[in-house]
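# Fold and geometry: a report
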Amino acid sequence: MYKLSTHTPIQLRRSLFIIQAVVLLIAIYFMAVLNQANAAQITSRSVTISSGVPSATSVTYTYGFTLPTAGNVQSIQFQACTTAVGTCTGPTGQNINLGTEASRSGWSSATTFTKSAGGGSCTAANNVLCISRSAAVSESGAKTLGWNTQTNPSTANSSFFVRITTYSDTGWTTSVDTGTVASAVVQTLTVNAAVAEVLNFCVGSTTVDDATTSVGADCSTVAGTSLNIGTLDTGSTNVSPVNTNGGDNKNGVAMIRTNAASGAVVSYDSIQQAGSNQLGTLRISGASCNASSAILTDQCIRAIGTSQATITAGTENFGMTVGAINCGSVSSYTCTFSSGAYNLARDTAYDGNGTNTYTTDSGPVGGTTNQGYAWDDGGTSRTIASSASSTTKVIDDEAMILKFAATPSITTPFGLYAAQADFIAVPTY
Amino acid sequence: MKRVMLCLALIIALSIVAGSHVFAQYVSPSYKAEETFFGSGGELDASSSNYKAQSSVGALGVGYGSSSNYQAYSGFLTPNEPFLEMTVNTSLVDLGVLDSTATNTGSANFTVRAYTNSGYTVATVSAPPQTSTGVTLTPMTSQGASAVGTEQFGINLRANTSPATFGADPTLQPDSTFADGQAATGYSTVNQYKYNQGDVIAQTNTSGWGQTTYTISYIANIKSITRAGAYSMVQDLVVVPTY
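Now for a description of the structure that goes with this document. Keep in mind that what you see is a predicted model, and the values were worked out from it rather than measured.

### Details of the state of the cysteines
All names here are of chain A. Applying the stated criterion across every chain, the model contains 5 disulfides over all chains. Put simply, Cys81 and Cys88 are joined by a disulfide, and their sulfur atoms are 2.1 Å apart. Across the S-S bond of Cys81 and Cys88 the torsion is about -100°, and the bridge reads as left-handed. Look at Cys81 and you get buried, because its relative accessible area is 0%.

### So, the environment of Gly252 of chain A
Residue and element names in this part refer to chain A. As for its placement among the helices and strands, Gly252 is situated in strand S16 (residues 251-258). Considered as a pair, Gly252 and Val208 are 44 residues apart in the sequence and their alpha carbons are 9.2 Å apart. Not counting chain neighbours up to four residues away, the residues in contact with Gly252 comprise Gly204, Ser205, Thr206, Leu227, Met400, Ile401, Leu402 and Phe404.

### Observations regarding the pairing of strand S3 (residues 59-72) of chain A
All names here are of chain A. In terms of strand pairing, strand S2 (residues 43-49) meets S3 through 5 bridges, oriented antiparallel. Looking at the pairing, Thr48 lines up with Thr62 of S3. Here S3 runs beside strand S10 (residues 138-150); their pairing, made up of 10 bridges, is antiparallel. Residue pairing across strands places Tyr63 opposite Leu145, the latter belonging to S10.

### A short note on the interface of chain B and chain A
Counting residues at the interface gives 51 residues for chain B and 51 residues for chain A. Here chain B packs against chain A, burying approximately 4,400 Å² in sum over the two surfaces, 63% of which is carbon and sulfur. Counting every contact that joins chain B to chain A gives 0 salt bridges. On the surface where chain B and chain A come into contact, there are 21 residue pairs in polar contact (both at pLDDT 80 or more). Residue assignment for the side of chain B that touches chain A shows that the elements contributing at least two residues are helix H1 (2-19), strand S7 (83-88), strand S8 (92-98), strand S16 (229-235) and strand S17 (237-241) of chain B. Considered class by class, the residues forming the side of chain B that touches chain A number 33 nonpolar, 11 polar and 7 charged. Both strand S13 (residues 189-195) of chain A and S8 of chain B contribute to a ladder of 5 bridges, which runs parallel. Bridged to Val191 of chain A within S8 of chain B is Val93 of chain B.

### A closer look at the side chain of Asn326 of chain A
All names here are of chain A. With respect to the element layout, Asn326 can be found in strand S21 (residues 317-326). Given a relative accessible area of 0%, Asn326 falls into the buried group. Not counting the four nearest positions on each side in its chain, Asn326 is found in contact with Val208, Asp210, Ala211, Thr212, Thr213, Ser214, Val215, Asp397, Glu398, Ala399 and Ile401.

### Focus on the side chain of Thr124 of chain B
Residue and element names in this part refer to chain B. Examined against the element boundaries, Thr124 turns out to sit in strand S10 (residues 120-124). Owing to a relative accessible area of 0%, Thr124 belongs among the buried residues under this scheme. One polar contact links Thr124 to Tyr195, side chain to side chain, over a distance of 2.8 Å. Once residues within four sequence positions are removed from consideration, Thr124 is found in contact with Tyr195, Asn196, Gln197, Gly198, Asp199, Ile201, Gln235, Asp236 and Leu237.

### Describing unusual backbone geometry
Cis geometry is found at the peptide bond from Ser240 of chain A to Pro241 of chain A, where omega equals 5°. Looking at the element boundaries, Pro241 of chain A is found in the loop between strand S15 (237-239) and S16. Note the cis peptide between Gln173 of chain B and Pro174 of chain B, where omega equals 0°. One can find Pro174 of chain B in the loop between strand S12 (171-173) and strand S13 (181-183). The backbone phi angle of Trp172 of chain A is positive, close to 60°, even though this residue is not glycine. By the secondary structure assignment, Trp172 of chain A is in the loop between strand S11 (158-167) and strand S12 (175-185). Residues other than glycine seldom take positive phi values, yet Asp397 of chain A does so here, at roughly 50°. Along the polypeptide, Asp397 of chain A turns up in strand S26 (residues 395-407).

### Looking at the sheet that holds strand S22 (residues 345-346) of chain A
Sheets are built from strands that pair by backbone hydrogen bonding, the pairs being arranged parallel or antiparallel. Residue and element names in this part refer to chain A. The 4 strands are arranged S22-S25-S17-S27 in an open sheet whose pairing can be described as antiparallel. Two strands bound the open sheet, and with one partner strand each, they are S22 and strand S27 (421-427). Pairing of strand S17 (residues 264-270) with strand S25 (residues 382-386), which is carried by 4 bridges, proceeds in the antiparallel orientation. The residue bridging Ser267 from the neighbouring strand is Thr383, located in S25.

About the criteria used
- Residue indices follow the written sequence of each chain, beginning from 1 at its first position.
- Following the order in which they are written, the chains are lettered starting with A and the ligands numbered starting with 1.
- The predicted origin of the model limits local features to residues at a pLDDT of at least 70 and limits the giving and counting of side-chain atom pairs to 80 or more, whereas totals for whole chains, interfaces and linings rest on all residues.
- In computing side-chain properties, one takes all heavy atoms of the structure into account and sets aside hydrogens as well as water.
- Count a disulfide wherever a pair of cysteine sulfur atoms falls within 2.5 Å.
- Here's how the labels work: a residue is buried when its accessible area is under 20% of the maximum for its type, exposed when over 50%, partly exposed in between, all with a 1.4 Å probe on protein chains only.
- Comment: elements are numbered from the N terminus, with helices defined as DSSP H or I runs of at least four residues and strands as E runs of at least two.
- Whether two residues are in contact is decided by their heavy atoms, any of which lying within 4.5 Å being enough.
- When DSSP locates at least two bridges between a pair of strands, those strands are taken to pair.
- Buried area is calculated as the accessible area (1.4 Å probe) missing from two parts once they are joined, with the contributions of both summed.
- What makes a salt bridge here is a side-chain nitrogen of Lys or Arg within 4 Å of a carboxyl oxygen of Asp or Glu, nothing more.
- Here a polar contact means two N or O atoms within 3.5 Å. Within protein one must be a hydrogen donor candidate and the other an acceptor candidate, and residues neighboring in sequence count only if both atoms are side-chain atoms.
- Under the scheme applied, nonpolar residues are Ala, Val, Leu, Ile, Met, Phe, Trp, Tyr, Cys and Pro; charged residues are Asp, Glu, Lys and Arg; polar residues are all the others, including Gly.

This is the structure we're talking about:
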């Protein structure tokens, strides 16, 4: 009993100490918990990044969130970390301490936020963005805030978390709400495809004599190596197609399809035939013609030259023009010659009269032709059409109706006259 | 010394209590608990007329349970923090040399694993394939079928049978009880394709959690005069989880 009575006060003191310690620690714990609870959790929170490519720069991060606590929001800290909670490690390569406010919605105060070195609880760093404003206006509810010129983390297929804390003061001292959002940068996925270069170009003859009737679905249906404009007479100019006096009622045609992004140029050069002088004009092969085309007694019909001009019956001349861009085989886009809706533009020396009205010159034409013609007999390459300057440069089976015209003089010798030409298409991809 | 030890023991005990919170969600029309701890053990499919629960034993599962009055996310692996993981599993999709008489196809995979309150979306923010000079392969801005001879670039996230058997439906792992990712509207119809820069192509239905593997199915068609060149697109996928 003595011992008991002796030790009881000590035990009581120990018990009291333990109770005090427990109460103290519990108080410390709940104070800590309550301190954490002072900052309410931001809800409906997200971050939308304008690019998920690793190391991408000039990325805009748009934060969306709902503030649970009504009150001033005069400073905000954004802290990017590799984890949502715990010690913050900034994602490798990421820099959010850049840029300016890019967008916003839902804010009561129109005062924008500006970036700074921070203060209070916010110290700017590559992974910490400190923004503030002076706006003592109560804010609550859903908001968005976009911030530009952000640099993504460099590690592919990695997530990052941005811890957001709002403060009522301008100095990042009195925190109000917090919340964490997440996003990810992912491995670059490249999608590749190739489109091969295409050029379908053909020359032939056709009975088509307008701008709308298809000369054939594509080059596989274009045939013929010649056309005949019949027996010439000084009383008229024979313009293809000629179906009298031995004419075969055909025009020439050149059709082209290409996917050349920079367009294509179509040209011709007259084949130099056997003989002498004026080798590339309508002539009797092997004949010796005068050096001057003004002499009209030789077996060469004078080429009209590189400048477009009309032909008058009986005044010896030979020429060619592109009667129209025939759209009858075009399927990939709207093509209408009469309205100018085609991609292959005729050269001014071979466009008849420059209008989009199909020529009325056909067969024997008395007097002067309605349209102009040109022909270079020197063998130099001459452009007759091109899409290089067109708005749309690719060409889908547009066909040039090639009309040939010739008239003799009264001194032009009789015989079989022929002209030959090479046609060349040069696409630029 | 005993007093010191006693204090330390108390501090450790309190620390354990403070650190043992696991953040799972329980939601019903009349009840919501943000953070709850399920202790060791559990049951995969315990249910009654008013209750259904799934919980993990050991550390093997994250589950979802619901009834008309109750729904729960539970398990040892239930994240106690915002969680997001997105992985692109393919680095290159080569559609080859395109032909105006046939459709070229390809596919790529990406995986999203998340734990969010309000789900997530995945958007494609990149422009359609272009050449180095800026010529664009025309994207299918409206959902439609593949048409040979028409310039088209489109995608969907389904297992297709036309113009070929390719692609796959979203794979929910381990199953639909645990994950709910799906193809978004416009990209969720078999044999129908679309591509609009900025479109959401995948999303979760309600809450976003679990793991879903998505397969992007690509198609490309050209017309006879589609401009020649090498077309390329860096597919920029952006995931936006909402917590």
